[in-house]
Amino acid sequence: METLQNKVALITGGTKGIGYGIAQSLLKQGIHVAITSRSLAAAKKAAELLNKDSNTTAKAIGLEADVRSLESQEAAVNEVKKEFGKLDIVIANAGLGHFGSIEDLTKDQWNETIDTNLTGVFNSIKASVSALKETKGYYITISSLAGTNFFAGGSAYNASKFGVTGFTQAVMLDLRKYGIKVSTIMPGSVSTHFNGNEPDESDAWKIQIEDMGELVVDLLKMNPRTLPSKIEVRPSMPSNK
């Protein structure tokens, strides 16, 4: 995309963490942003904070949406188009994690992980592909290094993120003929509230949410002839713990 001013982005799960950091960075570029949450109050509160901190004319709005429901995602896309008239960028960021041995992992934990992390990514693009075809837009999924590196206790999370990585790459091949760019970002340790973490100074070695935002902006600014379709990103140095 040659210019980002007045582009419109939809970010799933954008009330905190990576999604929030991406929203901050996009607003700085003059991109209007819609962030979603299963809680309308949380989405509106986060959008209010984003607008308060923004120093551009770009606007953030908060929407209630559940990525596990295609109909809910379709409604969110329609709301974005109603508010801003178009949709240029979709960031499929919403995700969660349940961890533990396969002996202890429950059926409900498995289903929630797959339904949110993988089916949610399907729903986000299925709901927005027509809008992105109109704008020759960009679809970005947030996978994980756990989408290529497996570990004990990670069966559900690994399965979901391996799926996101493969799904996104196949979608990239499906959609590039329409001028839609598709990438997946696979971060390692990020300083967020994921899995009950409370970010503090001990997380300084990790990737920060603003770093993820800068990476997304870099992708959007790249010459349209070039597509980084799969990006691994990790802390420069491991933890000293």
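The structure presented is a predicted model; accordingly, all values stated were derived computationally and were not measured.

Looking now at the sheet that holds strand 7 (residues 230-233). Pairing between the strands of a sheet comes from backbone hydrogen bonds, and it takes one of two forms, parallel or antiparallel. With respect to topology, 7 strands assemble into an open sheet ordered 3-2-1-4-5-6-7, the strand pairing being parallel. Either end of the sheet is taken by a strand with one partner, and the two such strands are strand 3 (60-64) and strand 7. If you compare each strand with its neighbour and ignore which way they point, the axes differ by 20° on average. As paired elements, strand 1 (residues 8-11) and strand 2 (residues 32-37) share 4 bridges and run parallel to each other. The residue bridging Ile 11 from the neighbouring strand is Ile 35, located in strand 2. The strands touched by helix 1 (residues 17-28) are strand 1, strand 2, strand 3, strand 4 (89-92), strand 5 (138-142) and strand 6 (181-187); relative to strand 1, the strand with the most contacts, the crossing angle is about 170°.

Bringing the nonpolar core into the picture now. If you look at the biggest cluster of nonpolar residues, it comprises 33 residues, and the most contacted ones within it are Leu 26, Ile 140, Ile 185 and Leu 220. Taken together, the elements giving at least two residues each to this core come down to strand 1, helix 1, strand 2, helix 2 (40-53), strand 4, strand 5 and helix 6 (209-221). Of all the elements, helix 6 adds the most residues to this core, at 7 residues.

Of note, Val 171 is situated in helix 5 (residues 155-175). We classify Val 171 as buried; its relative accessible area is 9%. Each C-alpha atom, one on Val 171 and one on Ala 131, is 15 Å from the other, the two residues being 40 residues apart in sequence.

Our next topic: the pairing of strand 2. The element strand 2 is extensively covered by neighbouring structure, given that 6 of its 6 residues are classed as buried. The alternating pattern of strand 2 places His 32, Ala 34 and Thr 36 on one face and Val 33, Ile 35 and Ser 37 on the opposite face, and all of these are buried. What joins strand 1 to strand 2 is helix 1, and the crossover it makes is right-handed. Note that strand 2 and strand 3 share 5 bridges and pair parallel. Among the inter-strand pairings, Ala 34 is bridged to a residue of strand 3, identified as Ile 61. Taken together, strand 2, helix 2 and strand 3 constitute a β-α-β crossover, and its handedness is right-handed.

The subject of this paragraph is the packing of helix 3 (residues 70-84) against helix 4 (residues 107-135). Contact geometry of helix 3 with helix 4 gives a least axis separation of 7 Å together with a crossing angle of 30°. Put simply, helix 3 runs roughly parallel to helix 4. In the crossing of helix 3 with helix 4, the sense of the turn from one axis to the other is right-handed. Residue-level inspection shows Leu 70, Gln 73, Glu 74, Val 77 and Lys 81 of helix 3 in contact with helix 4, the latter providing Asn 123, Ser 124, Lys 126, Ala 127, Ser 128, Ala 131 and Glu 134.

Right, let's get into the pattern of salt bridges. By the definition in use, this model includes 6 salt bridges. Between Lys 81 and Glu 134 there is a salt bridge, with the nearest N and O atoms lying 3.3 Å from each other. Pair noted here: Lys 81 is in helix 3 and Glu 134 is in helix 4, with a separation of 53 residues, a long-range link. Between Asp 88 and Lys 86 there is a salt bridge, with the nearest N and O atoms lying 3.4 Å from each other. On the accessibility criterion, Asp 88 (2% relative accessible area) is buried. Owing to a relative accessible area of 29%, Lys 86 belongs among the partly exposed residues under this scheme.

Cut-off values and rules
Residues numbered from 1 in each chain as written. Predicted model: local features only at pLDDT ≥ 70, side-chain atom pairs only at ≥ 80, totals over all residues. Heavy atoms only, no water. Pairing = 2+ DSSP bridges. Helix = DSSP H or I, 4+ residues; strand = E, 2+ residues; numbered from the N terminus. Axes fitted to C-alpha atoms, helices over the stretch in contact; angles between N-to-C directions. Contact = heavy atoms within 4.5 Å. Core = buried A, V, L, I, M, F, W, Y, C linked by side-chain atoms within 4.5 Å. Buried < 20%, exposed > 50% of the residue type's maximum accessible area, 1.4 Å probe, protein only. Right-handed = clockwise from strand over helix to strand, strands pointing away. Parallel < 35°, antiparallel > 145°, perpendicular 65-115°, else oblique. Left-handed = near helix turned anticlockwise from the far one by under 90°. Salt bridge = Lys/Arg side-chain N within 4 Å of Asp/Glu carboxyl O.

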